[in-house]
Amino acid sequence: EAVLSYGVMGGLFQPMGQSLFLTNFLEFGLDLQEALDAPRLLPREGVVDVERGIPPRVLDALRHLGHVPAPLGRPLGGGQAVWIDRAGGVLVGASDPRKDGLALGY
């Protein structure tokens, strides 16, 4: 039975964005909006693109592991999500502030 409808757009970032969202939501216990709002990163072509908000200690840890963090001045992707709370009989939506859009369900 379906419990979640979500999507993250962004070309090459799309599969990474979907993985980051699910990890933040399911593994780290963030709510839908927090999971979409969290800073993002994207490994590609020998560097790791990082959004503002990634802590300096994480950038240092990436360097220590041999990665090359590359701070971005633009956002990575955008997404929306709707959680189907069957017990409560409601839909809970979240929309990424990085892009225009909205979460809509009925």
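Predicted, not measured: the structure shown is a model, and the values here were computed from it.

Caption draft 1: Broad picture of the packing of aromatic side chains. Per the counting criterion, the structure on display carries 3 aromatic pairs. Between Phe21 and Phe25 the ring centres are 6.0 Å apart and the planes differ by 10 degrees, which places this aromatic pair in the stacked class. Residue Phe21 and its partner Phe25 are located together in helix α1 (residues 14–27), separated by 4 residues, close to a single helical turn. For Phe21, a relative accessible area of 2% puts it in the buried group. Measuring from centroid to centroid gives 5.5 Å for Phe25 and Trp83, while their planes differ by 65 degrees, and the two rings are edge-to-face. With Phe25 in helix α1 and Trp83 in strand β5 (residues 78–85), this pair connects stretches of sequence that are 58 residues apart. Judged by its relative accessible area of 15%, Phe25 falls in the buried class. Of the aromatic side chains, those joined through ring pairs into one cluster are Tyr6, Phe21, Phe25 and Trp83.

Caption draft 2: Here's a closer look at the sheet that holds strand β3 (residues 47–50). The mixed open sheet is built from 3 strands, whose spatial order is β2-β3-β4. At either margin of the open sheet sits one strand with a lone partner, and together these are β2 (41–44) and β4 (69–71). Averaged over all pairs of adjacent strands, the angle between their axes in this sheet comes to 25 degrees, without regard to strand direction.

Caption draft 3: Representation of the nonpolar core in the model. Counting 12 residues, the largest nonpolar core consists of Val8, Phe13, Phe21, Phe25, Leu32, Ala35, Leu36, Leu42, Leu72, Leu76, Ala81 and Ala94. Sorting the residues of this core by element identifies α1 and α2 (32–37) as the ones contributing at least two each. The element that contributes the greatest number of residues to this core is α2, accounting for 3 residues. Not counting the four nearest positions on each side in its chain, Phe13 is found in contact with Val8, Leu20, Arg40, Leu41, Leu42, Leu76 and Gly77. Judged by nonpolar contacts, the second largest core, of 5 residues, contains Val48, Val50, Ile54 and Leu62.

Caption draft 4: Main features of the side chain of Ser95. Summarising the element assignment, Ser95 is placed in strand β6 (residues 90–95). Engagement of the side chain of Ser95 in a polar contact is seen with the backbone oxygen of Gly101, the distance being 3.2 Å. Once residues lying within four places of it in the same chain are set aside, the contact partners of Ser95 are Gln33, Leu36, Gly79, Gln80, Gly101, Leu102 and Ala103.

Caption draft 5: A look at the pattern of salt bridges. A complete count under the given rule lists 7 salt bridges for this structure. A salt bridge links Glu45 to Arg44; the shortest N-O distance between them is 3.4 Å. A relative accessible area of 33% places Arg44 in the partly exposed class. Between Arg98 and Glu51 there is a salt bridge; the shortest N-O distance is 2.8 Å. Of the two residues, Arg98 is situated in the segment after β6 and Glu51 in the loop between β3 and α3 (56–64); the sequence distance between them amounts to 47 residues. What emerges from the salt-bridge pattern is a single network uniting Arg40, Glu51, Asp96 and Arg98.

Conventions we followed
- Residues numbered from 1 in each chain as written.
- Predicted model: local features only at pLDDT ≥ 70, side-chain atom pairs only at ≥ 80, totals over all residues.
- Heavy atoms only, no water.
- Phe/Tyr/Trp six-rings, centres within 6.5 Å; stacked < 30°, edge-to-face > 60°.
- Helix = DSSP H or I, 4+ residues; strand = E, 2+ residues; numbered from the N terminus.
- Buried < 20%, exposed > 50% of the residue type's maximum accessible area, 1.4 Å probe, protein only.
- Pairing = 2+ DSSP bridges.
- Axes fitted to C-alpha atoms, helices over the stretch in contact; angles between N-to-C directions.
- Core = buried A, V, L, I, M, F, W, Y, C linked by side-chain atoms within 4.5 Å.
- Contact = heavy atoms within 4.5 Å.
- Polar contact = N/O pair within 3.5 Å; in protein donor to acceptor, adjacent residues only side chain to side chain.
- Salt bridge = Lys/Arg side-chain N within 4 Å of Asp/Glu carboxyl O.

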